[in-house]
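The chain contents come next:
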Amino acid sequence: MRVVLLGPPGAGKGTQATGIEEKYNIVHISTGDIFRKNVKEGTPLGKQAQAYMDKGELVPDELVIALVQDRLKQDDCKNGYLLDGFPRTVFQAEAMEKLGIDVDKVVDIQVGRDTLIKRATGRRVCKKCGETYHISFRPTKVEGVCDKCGGEVAHRADDQEATVARRIDVYLTETAPLVDYYEKKGKIVHVDGEQEASTVQEKIFAALGD
Ligand code: ADP
Ligand code: ADP
Ligand code: ZN
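Attention here is on the structure that accompanies the text. (Residues numbered from 1 in each chain as written. Chains lettered and ligands numbered in written order. Predicted model: local features only at pLDDT ≥ 70, side-chain atom pairs only at ≥ 80, totals over all residues. Heavy atoms only, no water.)

**A look at the side chain of Asp84**
In this fold, Asp84 is placed in strand S3 (residues 81-84). Buried charge without a salt bridge: Asp84, with Lys13 as the nearest opposite-charge side chain at an N-O distance of 4.9 Å. A polar contact is formed between the side chain of Asp84 and the side chain of His28, at a distance of 2.9 Å. Discounting chain neighbours no more than four positions away, the residues touching Asp84 are Leu5, Lys13, Gly14, Ala17, His28, Ile29, Ser30 and Thr31. (Helix = DSSP H or I, 4+ residues; strand = E, 2+ residues; numbered from the N terminus. Buried < 20%, exposed > 50% of the residue type's maximum accessible area, 1.4 Å probe, protein only. Lys, Arg positive; Asp, Glu negative; His and termini not counted. Salt bridge = Lys/Arg side-chain N within 4 Å of Asp/Glu carboxyl O. Polar contact = N/O pair within 3.5 Å; in protein donor to acceptor, adjacent residues only side chain to side chain. Contact = heavy atoms within 4.5 Å.)

Shown next as C-alpha cells:
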C-alpha cells in the first residue's frame, strides 16, 4: 500500500502516521522530519533548506524531489510507504509520477484555521526521538520531558503563530490544489480532522480498508 497524507500544518498528519505505519506495515516518510534532521546535523541539504523553513516557505521542488527519490530506493520501502508532507505542490506530484513513484490512496485531513493555529502553536516535539505532544491536548507526564525516552521536549522554531499563519497560507495556495488533482484521479478520501485523534484514526482505517 502506498499512501499520501495531505493536510495543512497542524492537521495531525504526523500523529496519524504512527498508527497507519503500524497497521499496514509500511514505512513513514516525513519530508519535514528529514529536513529538520539535516538542519540539526548541519548538512549541505540542511543549510539550503533552513532559510525557507524558518520563514514558513516551501523548500524548492528540485531539492525535495531528489531527496524523496533517494529515500524511496531504500529496501524498507518495498512493502509500501506513507508519505507525510510530500508531495506539496502539483509540480512535485507530477515529478513523482514521471519517476514511477506510485500512489494508491491520498488521505486529506481537513481542519479549520483556528484549530490549526492552536494545534501548531501548542505542539511540542522530543528532540531525541521525535515523539509529538501538545501542551493542552497531549501533554507529557512531566513538563518538558518525553514520556517515551526522557529526552527534552521543545517548541519547533517554525511553530510560532506568525510562521504558522504563513505556512497555512502557503498550504492554501501551493498544496491545496492537490486535493483536486487527486480527486480527478479517484484516489482521495476526505477525513474530518477536527475530532479526537483516536476517532480520526478509525475513520482513516475505515477509508483505507483492512
Ligand atoms: P507540518 O507537519 O507542520 O505540515 P512539515 O514538518 O511537513 O510541516 O514541514 C516543515 C517545513 O519543511 C515546511 O514548512 C517546508 O519548509 C519544508 N518542507 C517539508 N516538506 C516539503 C515539501 N514536500 N516541499 C517543500 N518544502 C517542504
Ligand atoms: P502535522 O504533522 O499535520 O503538522 P501533528 O500530528 O504534528 O500535525 O499535530 C499537530 C499538533 O496537534 C500536535 O501537538 C498534536 O499532538 C496535536 N494533535 C494532532 N491531532 C490532534 C487531534 N485530533 N486533536 C487534538 N490535538 C491533536
Ligand atoms: Zn523522546
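Moving on from the coordinates now.
**Digging into the coordination of the zinc ion (ligand 3)**
At the metal site, the zinc ion (ligand 3) is ligated by Cys126 (SG), Cys129 (SG), Cys146 (SG) and Cys149 (SG), and these contacts range over 2.3 Å. Within one chain, the residues donating to the zinc ion (ligand 3) are spaced in sequence as C-x2-C-x16-C-x2-C. In this pair, Cys129 is assigned in the loop between strand S5 (123-126) and strand S6 (132-134) and Cys146 in the loop between S6 and strand S7 (153-154), connecting sequence segments 17 residues apart. With a relative accessible area of 39%, Cys129 lands in the partly exposed category. (Donors = N, O, S within 2.8 Å, 3.2 Å for Na, K, Ca; no water.)

**Regarding the sheet that holds strand S8 (residues 188-192)**
With parallel pairing, the five strands of this open sheet are ordered in space as S2-S3-S1-S4-S8. Every interior strand has two partners, whereas the edge strands, strand S2 (27-30) and S8, have only one. Along the sheet, successive strands turn relative to each other by an average axial angle of 20°, direction set aside. With four bridges joining them, strand S1 (residues 2-6) and S3 adopt parallel strand pairing. Bridging across to S3, Val3 finds its partner in Leu82. (Pairing = 2+ DSSP bridges. Axes fitted to C-alpha atoms, helices over the stretch in contact; angles between N-to-C directions.)

**Focus: unusual backbone geometry**
Between Phe86 and the following residue, Pro87, the backbone shows a cis peptide bond with an omega angle of -5°. Non-glycine residue Asn25 carries a positive phi angle of around 55°. Secondary-structure assignment places Asn25 in the loop between helix H1 (13-24) and S2. Relative accessible area serves as the criterion here: at 57%, Asn25 is assigned to the exposed category.

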